[in-house]
Amino acid sequence: LPGTGTCYQQAKRVLHAAVPERLHARERETGIIRQFLREHICGRRPGSLYVSGAPGTGKTACLSRILLDCKDELAGSKTIVLNCMSLSSPQGVFPAVAQQLGLPAAAGREGVRRLEKQLTAQGPMVLLVLDELDQLESKGQDVLYTLFEWPRLPGSRLVLVGLANALDLMDRSLARLGARPAGSPRLLHFPPYTREQLIAILQERLGQVAGDPVLDAAALQFCARKVSAVSGDARKALDVCRRAVEVVELEVRNQTLLKPLPGGE
């Protein structure tokens, strides 16, 4: 079968959980985050945004897409993106941020004090994006509390965006912040994807592959129904379909190998 390999390879490529050009069913969330960054970074107003949602609901992809699209608008500020999974302890976030700001390493209280001094000094706005924020939960929640206090310091030039799977992290960890609503973080929740949204995401991805559909509509419907019933996790749906393509590819390859040669006995 000429070219079969390529269509399956292409299908597997488009089903990877990369950041797509357009995020389906996340127009509202994208708009809110964009507006927040414009108001706070371009408007030079410190503030914080707390983004929650189960894994695979598009939080990281959405933010990555916005940072790519708004490169020019954010050019005058300093952007730091940290995945908190990569830190060995919650306290590790402070030296990691200090390093990104070009500060000499200093541990403990001294390190935090130096950071606070830097973030309240004259200079460009700093956008700090902390992905997997749940990892920073600590005894007494001091780490999270300190971070969310920074945008409220007099003269602060920090805009903090935290992404977490837990919906109740704010209630558990930052109840003290809520007591002063004037500077408490803006909350944005990403709901799980519905069956229809998952079908649209899968169709949009597979629509990029030329020729006949690699997976039929019924298979996509089945996958979307199963995943939406359990989690609404788009990454899982992409994963399941990628494996299905591998199965189809293998079957086709075996059939091709077993076909008798034309004109042969």
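Residues numbered from 1 in each chain as written. Predicted model: local features only at pLDDT ≥ 70, side-chain atom pairs only at ≥ 80, totals over all residues. Heavy atoms only, no water.

In the annotation of an unreviewed UniProt entry, the entry for the protein chain reads CDC6 protein, and the organism field reads Cochlearius cochlearius. Per UniProt, the protein chain carries the Sequence similarities (unreviewed entry) text "Belongs to the CDC6/cdc18 family." (UniProt positions renumbered as here; feature names shortened; annotations may be inferred.)

Trainee: What exactly am I supposed to notice about the nonpolar core here?
Mentor: In this structure, Leu 15, Ile 33, Leu 37, Leu 127, Val 161 and Leu 202 are the most contacted members of the largest nonpolar core, which totals 47 residues. Inspection of this core shows a minimum of three residues originating in each of domain 1 (3-18 + 193-258) and domain 2 (27-189). Setting aside residues no more than four positions away along its own chain, Leu 37 makes contact with Cys 42, Ile 66, Leu 67, Leu 127 and Val 161. Judged by nonpolar contacts, the second largest core, of 31 residues, contains Tyr 50, Cys 84, Leu 87 and Leu 119. (Core = buried A, V, L, I, M, F, W, Y, C linked by side-chain atoms within 4.5 Å. Buried < 20%, exposed > 50% of the residue type's maximum accessible area, 1.4 Å probe, protein only. Domains from an automatic or database assignment. Contact = heavy atoms within 4.5 Å.)

Trainee: Before we go on, may I ask you to explain helix H4 (residues 93-100) in this structure?
Mentor: Within an α-helix, residues lying three or four positions from one another point in the same direction, as the helix has 3.6 residues per turn. Of all the positions in H4, only Val 93, Phe 94, Ala 96, Val 97 and Ala 98 are classed as buried. Along its buried surface, H4 packs onto strand S2 (78-83), helix H5 (108-119), strand S3 (126-131) and helix H6 (142-149). One or two residues past the end of H4 sits Gly 102, with phi positive at roughly 75°. (Helix = DSSP H or I, 4+ residues; strand = E, 2+ residues; numbered from the N terminus.)

Trainee: Can you help me understand the layout of surface pockets in this one?
Mentor: Over the atoms, a rolling probe the size of a water molecule traces out where space has been left empty. The volume enclosed by the largest pocket comes to roughly 650 Å³. Contributing to the lining of the largest pocket are 32 residues, with Ala 17, Ala 18, Pro 20, Ala 61 and Arg 205 lying nearest its centre. Looking at the lining of the largest pocket, the elements that each hand over two or more residues are helix H1 (4-14), helix H3 (59-69), strand S4 (158-164), helix H9 (195-206) and helix H11 (234-258). Looking at which domains feed residues into the lining of the largest pocket, each of domain 1 (3-18 + 193-258) and domain 2 (27-189) gives three or more. Counted as a void, the second largest pocket has a volume near 190 Å³. Around the second largest pocket, the lining residues are Gln 91, Phe 94, Pro 95, Ala 106, Ala 107, Gly 108, Arg 109, Gly 111, Val 112, Asp 142, Val 143 and Thr 146. (1 Å grid on protein atoms, 1.4 Å probe; cavity = no way out; pocket = protein on both sides within 12 Å on 5 of 7 lines; lining within 4 Å. Points joined across faces, edges and corners; volume = space filled by probe spheres on them.)

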